[in-house]
Amino acid sequence: MPRRYDPERRQRIIDAAIRVVGEKGIAGLSHRSVAAEADVPLGSTTYHFTTLDELMVAALRQANEGFAKVAAARAGLADPQTDLAAELAGWMGEWLTGDRTGVELEYELYLAALRRPALRPVAAECTETVAELLSRRTDPVTARALVALIDGICLQVLLTGVSYDEEYARQVLGRVVAGARG
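Residues numbered from 1 in each chain as written. Predicted model: local features only at pLDDT ≥ 70, side-chain atom pairs only at ≥ 80, totals over all residues. Heavy atoms only, no water.

1. Regarding the overall build of the protein
Part 1 of the reasoning: On a plain count of helices and strands, the protein comes out with nine helices and zero strands.
Part 2 of the reasoning: Counting helices and strands in the order they occur from the N terminus, the protein gives α-α-α-α-α-α-α-α-α.
Part 3 of the reasoning: Within the protein, the proportion of its 182 residues that are buried is 42%.
Part 4 of the reasoning: A separation of at least 24 residues holds for 64% of the contacts in the protein among residues at least 6 apart in sequence.
Part 5 of the reasoning: Side-chain charges of the protein comprise 21 positive and 25 negative groups, with the mean position of each set lying 5 Å from the other. (Helix = DSSP H or I, 4+ residues; strand = E, 2+ residues; numbered from the N terminus. Buried < 20%, exposed > 50% of the residue type's maximum accessible area, 1.4 Å probe, protein only. Contact = heavy atoms within 4.5 Å. Lys, Arg positive; Asp, Glu negative; His and termini not counted. Charge placed at Lys NZ, Arg CZ, Asp CG, Glu CD.)

2. Thoughts on the pattern of salt bridges
When the charged atoms of two side chains with opposite charge come close together, those side chains can pair.
Part 1 of the reasoning: Summed over all chains, the structure comprises four salt bridges.
Part 2 of the reasoning: E37 is the partner of R19 in a salt bridge, and the nearest nitrogen-oxygen pair spans 2.7 Å. Placement of the pair is R19 in helix α1 (residues 9–24) and E37 in helix α2 (residues 31–38), with a sequence separation of 18 residues.
Part 3 of the reasoning: Using a relative accessible area of 36% as the deciding quantity, one classes R19 as partly exposed. (Salt bridge = Lys/Arg side-chain N within 4 Å of Asp/Glu carboxyl O.)

3. Overview of the environment of L105
Part 1 of the reasoning: Turning to its location among the elements, L105 is positioned in helix α6 (residues 101–112).
Part 2 of the reasoning: What makes L105 buried here is its relative accessible area of 8%.
Part 3 of the reasoning: Distance in space between the C-alpha atoms of L105 and R19 is 8.7 Å, their sequence separation being 86 residues.
Part 4 of the reasoning: Contacts of L105, omitting those with residues within four sequence positions, involve I18, V21 and G22.

4. Digging into the packing of α1 against α6
Part 1 of the reasoning: Closest axis-to-axis distance for the α1/α6 pair is 9 Å, and the angle between their directions is 95 degrees. When the axes of α1 and α6 are compared, the pair comes out roughly perpendicular. Contact residues: I18, V21 and G22 in α1; T101, L105 and E108 in α6.
Part 2 of the reasoning: Across the contact of α1 with α6, the residue classes tally to three nonpolar, two polar and one charged. (Axes fitted to C-alpha atoms, helices over the stretch in contact; angles between N-to-C directions. Parallel < 35°, antiparallel > 145°, perpendicular 65-115°, else oblique. Nonpolar A, V, L, I, M, F, W, Y, C, P; charged D, E, K, R; others polar.)

5. Observations regarding the packing of aromatic side chains
Part 1 of the reasoning: Here the structure, examined in full by the defined rule, presents two aromatic pairs.
Part 2 of the reasoning: Considering the side-chain rings of W95 and Y107, the 5.8 Å spacing of their centres and the 55 degrees angle between planes classify their relative orientation as tilted. Note that W95 is positioned in helix α5 (residues 84–97) and Y107 in helix α6, a separation of 12 residues in sequence.
Part 3 of the reasoning: Plain terms: the ring middles of Y107 and Y110 are 5.9 Å apart, the flat faces sit at 90 degrees to each other, and that makes the pair edge-to-face. Taken together, the residues Y107 and Y110, both in helix α6 and three residues apart, mark about one turn of the helix. (Phe/Tyr/Trp six-rings, centres within 6.5 Å; stacked < 30°, edge-to-face > 60°.)

6. Concerning helix α7 (residues 120–134)
Part 1 of the reasoning: Between the first and last C-alpha of α7 there are 21 Å, a value that for 15 residues agrees with the 21 Å anticipated at 1.5 Å per step.
Part 2 of the reasoning: Residues of α7 that are buried: V122, A123, C126, V130, A131, L133 and L134. (Expected span 1.5 Å × (residues − 1).)

Now the structure itself:
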């Protein structure tokens, strides 16, 4: 039987890995579960991604790219007249009050870097990308503090099940931004 040309197969495998992690968590991710989800032969997953770490790196990178696009699309982040704390709080609100599957997935992959060193550079890229974006409005130290605070607020909302409080987020983010000016 001739080999079927399928230029989208690698991408379908990454998308399937994201769906598997979204439904079953990292523990449910295997070449077999991804092959079944992508409706491809098991050998295709191992051909494109020799290890699960390689597959998780691709999935985390794709999740990060989506997050970076959302961040870059926020015109208020570039406008020096816009209240940065309010803009960030609104951005987090949009992210956390919609379908949380993507947010949970991103953080699950991000936190998997604690045990999987291959993921650490990709997790660091995400942090650096957002800090670089925020550095256009503030100094680099404050930008990194804002990223840490955003991560902390998001993790608290995701892990505790409490509702996102945009006003609280605006206030604490505002304190960090104001501290940079003082």
